[in-house]
Amino acid sequence: MKARLIPFEVAPQALKPMIELEKTLKNSGLELKLIELVKTRASQINGCAYCIHMHTKDTRANGETEERLYLLSAWRESPLYSDRERAALAWAEALTLVAETHAPDEDYAELKQHFTPAEQVNLTLLIGAINAWNRLAIGFRSVHPVEANRAAA
């Protein structure tokens, strides 16, 4: 696969607000592991290899376990995720698939039990941002880094 174009090279000014939003969300009080789990899950749903690669690598660097990453797409069937994480993952799935789900009341009710109103807004912005990043990466065919020996094969 070859990239169609590299957004940061052709429109860096347009991406600056997205970068600032990422910085704000990283410092919003949401746990870094939670942020990366949500980004990874939305990227799995969207099929964004570039973002899945990035966020699984980032979350492992922050101490996330391989087992939880392997089971992320089946989080509903695994006891490895906290109630707060489950609420965030359900909200991430609902908003990533919003045309199908219409953000169900039951998912929002669960979200309200585990997140303050400000955290709800920050989490929702996080979900919107990763979906925008996924669309940039998928639309322009961003290629995730590969090991040199694999790329040559």
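For the structure, see preceding data.
Keep in mind the model is a prediction, meaning the values are calculated, not measured.

Trainee: Sorry if this is basic, but what is going on with the overall build of the protein here?
Mentor: If you tally the helices and strands in the protein, you get 10 helices and zero strands. At 16 Å, the protein has a C-alpha radius of gyration in line with the 15 Å of a compact globule built from 153 residues. Relative to its 153 residues, the protein shows a buried fraction of 39%. For the protein, the share of sequence-separated contacts (at least 6 apart) that also reach a separation of at least 24 residues comes to 66%. Total accessible area on the protein is roughly 8800 Å²; 57% of this is exposed by carbon and sulfur atoms. Each charge sign in the protein was given a centre, from 18 positive and 20 negative side chains, and these centres are 8 Å apart.

Trainee: Help me understand the layout of surface pockets in this model?
Mentor: To find the voids left in a structure, one rolls a probe of water-molecule size over its atoms. In this model, the largest pocket occupies a volume close to 300 Å³. As for the largest pocket, its lining consists of 15 residues, and the residues nearest its centre are Phe8, Tyr50, Cys51, Met54 and Trp133. Contributing elements (two or more residues each) for the lining of the largest pocket: helix H1 (7-10), helix H2 (12-26), helix H4 (49-61) and helix H9 (117-139). Of the residues that constitute the lining of the largest pocket, the class distribution is 11 nonpolar, two polar and two charged. Put simply, the second largest pocket is a space of about 230 Å³. Glu22, Lys26, Glu36, Lys39 and Asp58 are the residues nearest the centre of the second largest pocket, which is lined by 14 residues in total. Among the secondary structure elements, those contributing two or more residues to the lining of the second largest pocket are H2, helix H3 (32-46) and H4. Take the lining of the second largest pocket: its biggest share by element is five residues, from H2. Its residues assigned to classes, the lining of the second largest pocket comprises six nonpolar, two polar and six charged.

Trainee: Explanation requested: the side chain of threonine 40 in the structure shown.
Mentor: As for its placement among the helices and strands, threonine 40 is situated in helix H3. Here threonine 40 is in contact with Ile52, His55, Thr56 and Leu72, once residues within four sequence places are set aside.

Trainee: Would you explain H4 in this entry?
Mentor: Residues three or four positions apart in an α-helix share a direction because the helix packs 3.6 residues into each turn. For H4, with 13 residues, the first-to-last C-alpha span of 18 Å sits near the 18 Å given by 1.5 Å per residue. Inspection of H4 places Cys51, His55, Thr56 and Thr59 among the buried residues, and these make up the whole buried set. Buried residues of H4, seen end-on, are gathered within an arc of 120 degrees and therefore sit on one face of the element. Those residues of H4 that are exposed and aimed more than 90 degrees away from the buried face are Lys57 and Ala61. Residues of H4 that are buried sit in contact with H3, helix H5 (66-70) and H9. Glycine 63 sits one or two residues past H4 and shows a positive phi near 95 degrees.

Trainee: Got a minute to help me understand the environment of threonine 96 in this structure?
Mentor: Positionally, threonine 96 belongs in helix H6 (residues 83-96). Of the residues examined, threonine 96 reaches a relative accessible area of 8% and is grouped as buried. Expressed as a C-alpha distance, the spacing of threonine 96 and asparagine 46, which sit 50 residues apart in the sequence, is 7.9 Å. Polar side-chain contacts of threonine 96 include one of 2.7 Å to the backbone oxygen of alanine 92. Within the structure, the side chain of threonine 96 is placed 3.1 Å from the side chain of asparagine 131, a separation counted as a polar contact.

Conventions and cut-offs
- Residues numbered from 1 in each chain as written.
- Predicted model: local features only at pLDDT ≥ 70, side-chain atom pairs only at ≥ 80, totals over all residues.
- Heavy atoms only, no water.
- Helix = DSSP H or I, 4+ residues; strand = E, 2+ residues; numbered from the N terminus.
- Rg over C-alpha atoms; globule rule 2.2 N^0.38 Å.
- Buried < 20%, exposed > 50% of the residue type's maximum accessible area, 1.4 Å probe, protein only.
- Contact = heavy atoms within 4.5 Å.
- Areas by Shrake-Rupley, 256 points an atom, 1.4 Å probe, with all protein chains shown as cover.
- Lys, Arg positive; Asp, Glu negative; His and termini not counted.
- Charge placed at Lys NZ, Arg CZ, Asp CG, Glu CD.
- 1 Å grid on protein atoms, 1.4 Å probe; cavity = no way out; pocket = protein on both sides within 12 Å on 5 of 7 lines; lining within 4 Å.
- Points joined across faces, edges and corners; volume = space filled by probe spheres on them.
- Nonpolar A, V, L, I, M, F, W, Y, C, P; charged D, E, K, R; others polar.
- Expected span 1.5 Å × (residues − 1).
- Arc of directions from axis to C-beta.
- Polar contact = N/O pair within 3.5 Å; in protein donor to acceptor, adjacent residues only side chain to side chain.

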